[in-house]
Protein chains: 2
Amino acid sequence: MCELLGMSANVPTDIRFSFTGLARRGGGAGPHRDGFGIAFYDGKAARFFHDPEPAARSEVARFLGAHPIKSLNVIAHIRQANSGSVSLANTHPFTRELWGRVWTYAHNGQLRGVKKLPLEFYKPVGTTDSEHAFCWMLCQLRARYKTLPPPARLDREVHRLSVELARMGVFNMLLSDGRTLYAFCGKRLSWLTRRAPFGKATLIDEDRSVNFAEETGPDDCVTVVATGPLTSDEDWTVIKPGTLLALRDGQIANTLHSEPQDAAKGVLSC
Amino acid sequence: MCELLGMSANVPTDIRFSFTGLARRGGGAGPHRDGFGIAFYDGKAARFFHDPEPAARSEVARFLGAHPIKSLNVIAHIRQANSGSVSLANTHPFTRELWGRVWTYAHNGQLRGVKKLPLEFYKPVGTTDSEHAFCWMLCQLRARYKTLPPPARLDREVHRLSVELARMGVFNMLLSDGRTLYAFCGKRLSWLTRRAPFGKATLIDEDRSVNFAEETGPDDCVTVVATGPLTSDEDWTVIKPGTLLALRDGQIANTLHSEPQDAAKGVLSC
């Protein structure tokens, strides 16, 4: 299975500590040898770093570990290929423009029959189930709204589409438009919020600690979402399957939930 | 004025030598202090490195100078802002997906009134004339062809659209879909092809030389397009205004020309 990492913050924040923990799993501590990518938002735009090389060996990952790129919204992914060959075209996160904003998406899991979903506007460049599902979501949003809708309405629509996709298999996903970071748990995803009083955190996959009290301001608020907890001495919350978190300015702005069995019947409880 | 650099090759080729010459102009030898970007194609996909920092000071540019990323098609741009603030959203090259391919574009010049051109499908993320022109070109291509047309037909259409834009001001442009690298000269653009017998080349902007005979294979063929010649001891050809070069596999596969005054009357001679 691939691993996901997302961050939402209320001040431009350096994600290197958490990314280091993730990158160690990319062919180092973990089996995810099939490339990695990371997107850093700056307003409505984002900059990307992709590498089909294992993150643990990647020169790009080493560069990112040495140079802080502060951002309010970040999506990172390390890949263990199950659908689609190892290539740049199949390396997450994927991106498209919608409503004059850069949308970014990363997924783990498998979706049976997803390639039968029709795509009107966006077409996959690679061959993964994941990119097809992303194109389908954006096609649906584009068909429904001419311009960026208010946050609460978009939250509900992203949850509805995520539940539809989750019916086809395993759908753990991170999605952002630079305003909101969406995290949908189909099976496995955890989160934590770092805010004052800040303490110490120690990576699980590498002998590295940081004292956030020395790194942050009193009003900083940062929420991190990951496939599994990255640190051993912080309180991570496991997200219930069927739940979408909408993160804005470093906090959970909205939580939408539907029981997977309800989802299977298409009944939403949000 | 911004500076452009493009490369088309028949074997994956390291562009660091030429890029070093360009990057030196990014706040070093030149006035282009307003960011840079570069796209490296791998099939239908591309990876991007953008930095709103001056290329001559950029850590990303330093990384690219130290680590070869070999590619068949490359587009690079260093910016001197004239339309749009200095920000990531306004940093070339710009990219969109069309027909399941990543399209990449960089421009220099200014286009009066270009923002009045209607955009049905693609919307700008930033505020530059350049990105608006790119969105318009892709909207036109998308409206005209449901799928990727044959090369010669697409060449003619890209030339027609380029001539339309050139009527609005200065339009020097690089555009690629991973199959073809298009180079349109509205005012200033030069090219050269490197093939056997290979010789020595010396950068104009930095005391650096390379002997391509030691770096290349006998069948390698690489064409480089740049705003101005980057080397002092090679034969660069200045492109006539109104001309589109379509580069495939390192060679000029097609040349389409219309005299600017004809272009002004909308008469094409291709």
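Now for a description of the structure that goes with this document. In this text the structure is predicted, and so the values were computed from the model without any measurement. (Residues numbered from 1 in each chain as written. Chains lettered and ligands numbered in written order. Predicted model: local features only at pLDDT ≥ 70, side-chain atom pairs only at ≥ 80, totals over all residues. Heavy atoms only, no water.)

## Brief notes about the overall build of chain A
At step 1: From N to C terminus, chain A includes 6 helices and 15 strands.
At step 2: Relative to its length of 270 residues, chain A is compact, with a C-alpha radius of gyration of 17 Å against a globular reference of 18 Å.
At step 3: When the backbone C-alpha atoms are referred to their principal axes, chain A occupies close to 50 × 40 × 35 Å.
At step 4: Within the span of chain A, comprising 270 residues, buried residues form 60% of the whole.
At step 5: Pairs at least 24 apart in sequence give 70% of the contacts found in chain A among residues at least 6 apart. (Helix = DSSP H or I, 4+ residues; strand = E, 2+ residues; numbered from the N terminus. Rg over C-alpha atoms; globule rule 2.2 N^0.38 Å. Buried < 20%, exposed > 50% of the residue type's maximum accessible area, 1.4 Å probe, protein only. Contact = heavy atoms within 4.5 Å.)

## A word on the side chain of Thr 20 of chain A
Residue and element names in this part refer to chain A.
At step 1: Within the secondary structure, Thr 20 is located in helix 1 (residues 16-25).
At step 2: For Thr 20, a relative accessible area of 11% corresponds to the buried category.
At step 3: Excluding residues that lie within four positions of it along the chain, Thr 20 makes contacts with Leu 203, Glu 206 and Arg 208.

## Section: the nonpolar core
At step 1: Counting 67 residues, the largest nonpolar core has Met 137 and Met 173 of chain A together with Met 137 and Met 173 of chain B as the members making the most contacts within it.
At step 2: Ala 9, Ala 76 and Ile 78 of chain A together with Leu 5 of chain B belong to the second-largest nonpolar core, a separate cluster that totals 52 residues. (Core = buried A, V, L, I, M, F, W, Y, C linked by side-chain atoms within 4.5 Å.)

## Details of the interface of chain A and chain B
At step 1: With 29 residues of chain A in contact, the opposing surface of chain B contributes 29 residues.
At step 2: Between chain A and chain B the total buried area reaches about 2,300 Å² when both faces are included, carbon and sulfur atoms providing 63% of it.
At step 3: Run the count over chain A and chain B and you get 4 salt bridges.
At step 4: In this structure, Glu 97 of chain A and Arg 96 of chain B form a salt bridge, with 3.3 Å as the shortest nitrogen-oxygen distance.
At step 5: Mapped onto the side of chain A that touches chain B, the elements with two or more residues apiece are strand 2 (36-42), strand 3 (45-51), helix 2 (59-66), strand 5 (94-98) and strand 6 (101-108) of chain A. (Buried area = accessible area lost by both parts, 1.4 Å probe. Salt bridge = Lys/Arg side-chain N within 4 Å of Asp/Glu carboxyl O.)

## Quick look at the pairing of strand 3 (residues 45-51) of chain B
All names here are of chain B.
At step 1: In terms of burial, strand 3 is a largely internal element, 7 of the 7 residues being buried.
At step 2: Of the two faces of strand 3, both are covered, the one formed by Ala 45, Arg 47, Phe 49 and Asp 51 as well as the one formed by Ala 46, Phe 48 and His 50.
At step 3: Pairing between strand 2 (residues 36-42) and strand 3: 7 bridges, direction antiparallel. By the bridge assignment for strand 3, Asp 42 is matched with Ala 45.
At step 4: The antiparallel pairing of strand 2 with strand 3 creates a hairpin that spans 2 residues between the two strands, and Gly 43 there sits at a positive phi of about 70°. (Pairing = 2+ DSSP bridges.)

## A closer look at the state of the cysteines
Residues and elements named next belong to chain B.
At step 1: Tallied over the full model, the rule gives 0 disulfides over all chains.
At step 2: Not part of a disulfide, Cys 2 finds its nearest cysteine sulfur in Cys 185, a span of 15 Å.
At step 3: No disulfide involves Cys 139; its sulfur sits 6.5 Å from the nearest other cysteine sulfur, which is in Cys 135.
At step 4: A relative accessible area of 5% places Cys 139 in the buried class. (Disulfide = S-S within 2.5 Å.)

## So, the sheet that holds strand 13 (residues 237-238) of chain A
Residues and elements named next belong to chain A.
At step 1: A sheet is described by the order of its strands in space; here 7 strands give the open sequence 3-2-4-1-12-9-13, paired in antiparallel fashion. The sheet is open, and its two borders are formed by strand 3 and strand 13, each paired with just one other strand.
At step 2: On top of the sheet, helix 1 reaches strand 1 (3-13), strand 2, strand 4 (71-78), strand 9 (190-195) and strand 12 (221-226); it is set at about 170° to strand 1, its chief contact. (Axes fitted to C-alpha atoms, helices over the stretch in contact; angles between N-to-C directions.)

## Side note on the relation of the copies chain A and chain B
At step 1: Mapping chain A onto chain B is achieved by rotating through 180° and translating by 0.0 Å along the same axis, at an RMSD of 0.0 Å. When the rotation and shift are considered jointly, the pair of chain copies conforms to a two-fold rotation axis.
At step 2: Of all interface residues in chain A, 100% are interface residues in chain B too; the two copies therefore contact each other through one and the same surface. (Least-squares fit on C-alpha atoms with pLDDT ≥ 70 in both.)

## Here's the deal with the packing of helix 2 of chain A against helix 2 (residues 59-66) of chain B
When two helices pack together, you describe them by how their axes are tilted relative to each other and by the distance separating the axes.
At step 1: Two elements in contact, helix 2 of chain A and helix 2 of chain B, have axes whose closest approach is 11 Å; the angle formed by their N-to-C orientations is 150°. Considered as vectors, helix 2 of chain A and helix 2 of chain B are oriented roughly antiparallel to each other. Where helix 2 of chain A crosses over helix 2 of chain B, the handedness of that crossing is right-handed. Here Glu 59, Val 60 and Phe 63 of chain A of helix 2 of chain A come into contact with helix 2 of chain B, specifically with Glu 59, Val 60 and Phe 63 of chain B.
At step 2: When the residues that make up the contact of helix 2 of chain A with helix 2 of chain B are grouped by side-chain class, the tally is 4 nonpolar, no polar and 2 charged. (Parallel < 35°, antiparallel > 145°, perpendicular 65-115°, else oblique. Left-handed = near helix turned anticlockwise from the far one by under 90°. Nonpolar A, V, L, I, M, F, W, Y, C, P; charged D, E, K, R; others polar.)

## Describing the packing of aromatic side chains
At step 1: Throughout the structure, instances matching the rule amount to 21 aromatic pairs over all chains.
At step 2: Summarising the aromatic geometry, the rings of Phe 121 of chain A and Tyr 122 of chain A are spaced 4.4 Å apart at their centres and angled 75° between planes, so their arrangement reads as edge-to-face.
At step 3: For Phe 121 of chain A, a relative accessible area of 6% gives the class buried.
At step 4: You can call Tyr 122 of chain A buried: its relative accessible area is 2%.
At step 5: Seen in terms of ring centroids, Phe 49 of chain B and Phe 63 of chain B are 6.3 Å apart; in terms of plane orientation they differ by 40°. Their pairing is tilted. (Phe/Tyr/Trp six-rings, centres within 6.5 Å; stacked < 30°, edge-to-face > 60°.)

## A word on empty space enclosed by the protein
At step 1: This model, assessed by the stated rule, comprises 6 cavities of 30 Å³ or more.
At step 2: Of the volumes computed, that of the largest cavity is approximately 580 Å³.
At step 3: Residue assignment for the lining of the largest cavity shows that the elements contributing at least two residues are strand 3 and strand 5 of chain A together with strand 3 and strand 5 (94-98) of chain B.
At step 4: Its residues placed into classes, the lining of the largest cavity shows 18 nonpolar, 7 polar and 8 charged.
At step 5: Size it by volume and the second largest cavity reaches roughly 70 Å³.
At step 6: Around the second largest cavity sit Cys 2, Arg 79, Asn 82, Ser 83, His 92, His 107, Asn 108, Gly 109, Thr 128, Asp 129 and Ser 130 of chain A, which together line it.
At step 7: Listing elements by their share of the lining of the second largest cavity, those giving two or more residues are strand 6 and helix 3 (129-144) of chain A.
At step 8: Partitioning the lining of the second largest cavity into residue classes produces 1 nonpolar, 8 polar and 2 charged. (1 Å grid on protein atoms, 1.4 Å probe; cavity = no way out; pocket = protein on both sides within 12 Å on 5 of 7 lines; lining within 4 Å. Points joined across faces, edges and corners; volume = space filled by probe spheres on them.)

## A closer look at the pairing of strand 4 of chain A
All names here are of chain A.
At step 1: When you tally the buried positions in strand 4, you get 7 out of 8 residues, the bulk of the element.
At step 2: Sheet analysis places strand 1 next to strand 4, joined by 7 bridges and oriented antiparallel. Across the sheet, Leu 4 pairs through a bridge with His 77, a residue of strand 4.
At step 3: Direction of pairing for strand 2 relative to strand 4: antiparallel, over a ladder of 5 bridges. For Gly 37, the partnering residue across the bridge sits in strand 4 and is His 77.

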